[in-house]
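# Coordinate inspection notes
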Amino acid sequence: MQASLPFIQTMSMSLRSVTHNPLRLQMRTHARGAMLGLALGDALGATVEFMTPREIRAQLGRHNQIRGGGWLRLACGQVTDDTTMAFALAEAWLLRRNAPAAEDYAQAFDTWMRAKPVDIGNTVRRGIVRFRNTGQACVLPSEDAGNGATMRCAPIGLVLLGAPSDTIARATLAQARVTHYHPLTDAATLTVVNMVQAGVSGAGIRAVMAQANLLVREFPQFGFRGKHVDNPSGYIVDTMRAVLHAIDINDNFESALVEVVNRGGDADTTGAIAGMIMGALHGEAGLPERWLRALDPGVYKRCIDYADGLIERSPAWLL
Ligand code: MN
Ligand code: MN
C-alpha cells in the first residue's frame, strides 16, 4: 500500500493544512465512489440475481437500468445485504473512537440481522447465530469459501487507507471471520480491500489490477483472463473471476457493471464488488447520473456520510 501513495508522502506540510487540499478532495470523491459504487452494483444486480444470462436476455434484453424487482421484489433503487452489511461495518468504526475488535464487528452484524434485512446469506446467518449463542466472534475454519465477507469489505479499505499492511490485514480478516473462514475468502477479501485502496489513492488502473495479478499468482484458480464466467455462484473463486474479468476488459464504471451483472448468477454481489472497485478507481464523477438518481435517497445519503466519515479517519487523510 505504501508504495502506491508516494505523492502523499512527499506532500509539503503547508499543503496538508489547506482545506481545499487536492489530495483530500481526490480521496473523498473516490471514497464516495467506492461506497456509492457498491450500492449501485448491488441495486443493479439484484434485479437479475440467480437468473441465467439467457433468462436475462429474454426478459430484459441488456440489463442496464436500476429498476428493482428480482426474486426479492425490491423497490426501484433498493439495495440488499451486500450494501447494508457494509453499512454495519462502517458503523462499527464510526460509532467508536478506537479500532473495533472482532466482537465489535460481530455485534454490528448481530444488530444488522435483528433489523430484519431483506436477505441474509446462509453462511452469514450461521456465523451471527453462533456469535449470539457462544459469544465467539470468529467461526471455525470451514470448507465453505463464500463471497459474503468480500461483498461488504469496502469500509475497511477506506478507514485504513495508508495504514500498515498488517493492520489492514488484521481488520480485514477479523470482519471476514465473524462469518467466513477460508484461505480463498481471506485472500480475495484482502485483494478487494487493496484494490479499493489503490483506486482511492489515485494510483490508477494498473496499480488496481496489480493486486488482482498478485492474487492469481498465489492462487491460480482465480485466473480471470480468457473465458467469461456465466452464472457466477456464491463461491468466492467464481465471483472474483467474473468481477476481475469485467474490470479487466472494461475501462469505465458503467460498462464494467453492465458486463458483470448480465452474467447472472450472484449478480448483486458481483455488481457490489465490481462497483466498489470501479467506484474507488473512477470516483463519484465516474458514476452514471441516471443510476445515482434511481438509488434510494436514504441509501445515497448513508453512502456519502459513511464514505466521508471513514476516509477522514484514515491515516492517509491525517498525514
Ligand atoms: Mn445481496
Ligand atoms: Mn448476492
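The following paragraphs examine the structure supplied in this document. (Residues numbered from 1 in each chain as written. Chains lettered and ligands numbered in written order. Predicted model: local features only at pLDDT ≥ 70, side-chain atom pairs only at ≥ 80, totals over all residues. Heavy atoms only, no water.)

Between the first and last C-alpha of helix α3 (residues 22-46) there are 36 Å, a value that for 25 residues agrees with the 36 Å anticipated at 1.5 Å per step. For α3, the buried fraction is high: 19 of the 25 residues fall into the buried class. Structurally, the start of α3 carries an N-cap: the backbone nitrogen of L23 is 2.8 Å from a side-chain oxygen of N21. (Helix = DSSP H or I, 4+ residues; strand = E, 2+ residues; numbered from the N terminus. Expected span 1.5 Å × (residues − 1). Buried < 20%, exposed > 50% of the residue type's maximum accessible area, 1.4 Å probe, protein only. Polar contact = N/O pair within 3.5 Å; in protein donor to acceptor, adjacent residues only side chain to side chain.)

Distances from the manganese ion (ligand 2) to its protein donors, namely E49 (OE), D266 (OD), D268 (OD) and T269 (OG1), fall within the range 2.0 to 2.5 Å. Sequence spacing among the residues donating to the manganese ion (ligand 2) works out to E-x216-D-x1-D-T. The metal-metal distance between the manganese ion (ligand 2) and the manganese ion (ligand 1) comes to 3.6 Å, with D268 coordinating both. Highlighted residues: E49 in the loop between α3 and α4 (53-60) and D268 in helix α14 (residues 267-282), separated in sequence by 219 residues. The pair E49 / D268 is uniform in exposure class, with both members buried. (Donors = N, O, S within 2.8 Å, 3.2 Å for Na, K, Ca; no water.)

We now examine the coordination of the manganese ion (ligand 1). Within the protein, T80 (OG1), D81 (OD), D82 (OD) and D268 (OD) serve as the donor atoms for the manganese ion (ligand 1), at 2.0 to 2.3 Å. Sequence positions of the donors to the manganese ion (ligand 1) reduce to the motif T-D-D-x185-D.

Time to look at the layout of surface pockets. In this structure, the largest pocket encloses a volume near 410 Å³. T84, A88, E91, W112 and R302 are the residues nearest the centre of the largest pocket, which is lined by 22 residues in total. Mapped by element, the contributors of at least two residues to the lining of the largest pocket are α5 (81-94), α6 (102-114) and α16 (297-311). With 6 residues, α5 is the single largest residue contributor to the lining of the largest pocket. Taken together, the residues of the lining of the largest pocket sort by class into 11 nonpolar, 5 polar and 6 charged. Reported here for the second largest pocket is a volume of approximately 340 Å³. Listed by contribution, the elements that provide at least two residues to the lining of the second largest pocket are α5, α7 (122-134) and α14. Here the residues of the lining of the second largest pocket are counted per class, giving 5 nonpolar, 10 polar and 7 charged. (1 Å grid on protein atoms, 1.4 Å probe; cavity = no way out; pocket = protein on both sides within 12 Å on 5 of 7 lines; lining within 4 Å. Points joined across faces, edges and corners; volume = space filled by probe spheres on them. Nonpolar A, V, L, I, M, F, W, Y, C, P; charged D, E, K, R; others polar.)

Right, let's talk about the packing of α3 against α14 for a bit. Orientation of α3 relative to α14, taken along the N-to-C sense of each, is 155°, at an axis distance of 6 Å. For the element pair α3 / α14, the angle class is roughly antiparallel. When you trace α3 past α14, the crossing you get is right-handed. Contacts between α3 and α14 involve H30, G33, A34, G37, L38, G41, D42, G45 and A46 from the former and A267, D268, G271, A272, G275, M276, G279, A280, L281 and H282 from the latter. (Axes fitted to C-alpha atoms, helices over the stretch in contact; angles between N-to-C directions. Parallel < 35°, antiparallel > 145°, perpendicular 65-115°, else oblique. Left-handed = near helix turned anticlockwise from the far one by under 90°. Contact = heavy atoms within 4.5 Å.)

That's the geometry; what it means functionally is another story.
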